[in-house]
Amino acid sequence: MSLLLATTGSATSTAAVLVAVFGASAVEMVEALTLVVAAGTRSWRSAFEGTGAALALLAVLTASVGLPLAHYLPIDALRVAVGALLSLMGISWLRKAILRSAGRLAKHDEDAIYARTVSELGAAAVPPKGRDALAFMVAFKGVMLEGFEVVLIVISLGSSSHRLGPAALAAAAAAVVVAALGIVAARQLSEVPENTLKTVVGIMLTSFGTFWIGEGAGVRWPGSDLSLPLLIGFYVLVTGAMVLALRHPSGERETTPAGRA
Amino acid sequence: MAGPRRALASSAQFIWDFLVGDTPEVLVTVAVMVAIAFSLRSHQVASVIVLPLICLSGLVFGVWRASGRRQVLEATGAPDAPEEGGD
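Draft legend 1. Looking closely at the overall build of chain A. For chain A, the count of helices and strands is eight helices and zero strands. For chain A, the N- to C-terminal ordering of α and β elements is α-α-α-α-α-α-α-α. Taken across its 261 residues, chain A has 48% of its residues classed as buried. In chain A, the share of contacts with a sequence separation of at least 24, taken over all contacts with a separation of at least 6, comes to 88%.

Right, dumping it as structure tokens:
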């Protein structure tokens, strides 16, 4: 019986890790892709070079900082640190997602961000030949900033649960799906239900954060990994209750080109 | 010497903005969660109930603070200030 519980708990935990990593990576990659496509309107070659340079730097960062940290830090200290980091990110994501769902904060509008970035980029002269430094930098910064968050989440969730490989694969799968979507849908990235994804990921990160802060500190959760679905259920309920409590009676606010607001 | 110091300062600023931004209440919540987890580790039942409740309190306070700030902005007609921190 205890073996069955342990197996069920482990499978549940693995599934939750993969869903959280895939969702978080998809959200961040949609935001990065918007900027890469906008930079591509000036120079596709420079936009791809900027993307490649950012991905290379992220890989170096992951290998030189993340992996040694995961290998040499005692597992309990790692779990407390990771739990704290995931809670910080999770509560922040959830807070914004709740405010957006309740109509208290403008939703993230990828089309508006795309239009604004293209307009800003169009104001500068395009060099007749060679690398377009502006397109390179916009793509580089976009991929670097959004990718940094993905790297943190993959290393945090993957290393604490000893599922670094599957977590990295889930992030790669999200990259493939979003890139395919980008090719097929071009600029229709606003169709991606970004706030719903952020709500789901925020709940997952907050649940994992709470769980690992406790585990790392020596708290034994009832049923071990099986506590995770209970924590997720708890945060789903309170998120729903908060959205309902905050929702404007007159309906949602208009969407504005608020950028990262 | 000024170069590396400036790079270190801007890296620290980036990490602070990235993780905390204008929501220090989230950082305080997480610090309290860690402190409570260590101090209650011998009281298993209490800690598994208290930890999610502290997290919930921080979330409610953060949402309430943001809603209050937005109402003040709307009342004074001030433009929306973009928020910092994670997405």
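Draft legend 2. Up close: the overall build of chain B. Looking only at helices and strands, chain B has three helices and zero strands in total. Helices (α) and strands (β) of chain B occur, in sequence order from the N terminus, as α-α-α.

Draft legend 3. Quick peek at the packing of helix α3 (residues 75-101) of chain A against helix α7 (residues 194-217) of chain A. Residue and element names in this part refer to chain A. Interhelical geometry of α3 versus α7 gives an angle of 150° and a closest axis separation of 6 Å. Judged by the inter-axis angle, α3 sits roughly antiparallel to α7. The handedness of the crossing between α3 and α7 is left-handed. Taken together, the residues that form the contact of α3 with α7 break down as 17 nonpolar, 11 polar and five charged.

Draft legend 4. Representation of the packing of α3 of chain A against helix α2 (residues 24-39) of chain B in the model. Following both chains from N to C, one finds α3 of chain A and α2 of chain B inclined at 145°, their axes separated by 9 Å at the closest point. For the pair α3 of chain A and α2 of chain B, the sense of crossing is right-handed. Of α2 of chain B, the residues touching α3 of chain A (which contributes Val80, Ala84, Ser87, Leu88, Ile91 and Ser92 of chain A) are Val26, Leu27, Thr29, Val30, Met33 and Val34 of chain B. Classifying every residue of the contact of α3 of chain A with α2 of chain B gives nine nonpolar, three polar and no charged.

Draft legend 5. View of the interface of chain B and chain A. Counting residues at the interface gives 31 residues for chain B, matched by 35 residues for chain A. Broken down by secondary-structure element, the contributors of at least two residues to the side of chain B that touches chain A are α2 and α3 (44-76) of chain B. Sort the elements by how many residues they give to the side of chain B that touches chain A and α3 of chain B lands first, with 14 residues.

Draft legend 6. Seen up close, the nonpolar core. Residue and element names in this part refer to chain A. In this structure, Ala20, Val21 and Ala139 are the most contacted members of the largest nonpolar core, which totals 87 residues. A per-element tally of this core places helix α1 (residues 2-40) first, with 17 residues. Those residues in contact with Ala139 that sit more than four places away from it in its chain are Leu35, Val36, Ala39, Ala47, Gly50 and Thr51.

Draft legend 7. Summary view of helix α1 (residues 2-19) of chain B. Residues and elements named next belong to chain B. The end-to-end C-alpha distance of α1, which contains 18 residues, comes to 26 Å, matching closely the 26 Å that a straight helix rising 1.5 Å per residue would cover. For α1, the buried fraction is low: zero of the 18 residues fall into the buried class. Positive phi shows up at Gly21, right after α1, with a value of about 60°.

Draft legend 8. Just helix α2 (residues 44-72) of chain A, in detail. Residue and element names in this part refer to chain A. Helix length check: α2 (29 residues) gives 41 Å between terminal C-alpha atoms against 42 Å at 1.5 Å per residue, within 8%. Within α2, the axis deviates most sharply at Thr62, by approximately 35°. Where α2 is concerned, the buried positions are Ser46, Ala47, Gly50, Thr51 and Ala54.

Thresholds, definitions, all that
- Residues numbered from 1 in each chain as written.
- Chains lettered and ligands numbered in written order.
- Predicted model: local features only at pLDDT ≥ 70, side-chain atom pairs only at ≥ 80, totals over all residues.
- Helix = DSSP H or I, 4+ residues; strand = E, 2+ residues; numbered from the N terminus.
- Buried ≥ 20, exposed ≤ 12 C-beta atoms within 10 Å, placed from the backbone.
- Contact = placed C-beta atoms within 7 Å.
- Axes fitted to C-alpha atoms, helices over the stretch in contact; angles between N-to-C directions.
- Parallel < 35°, antiparallel > 145°, perpendicular 65-115°, else oblique.
- Left-handed = near helix turned anticlockwise from the far one by under 90°.
- Nonpolar A, V, L, I, M, F, W, Y, C, P; charged D, E, K, R; others polar.
- Core = buried A, V, L, I, M, F, W, Y, C linked by C-beta atoms within 7 Å.
- Expected span 1.5 Å × (residues − 1).
- Bend = angle between axes of the 7 residues up to and from the residue.

These results come straight from atomic positions and should not be treated as a statement about function.
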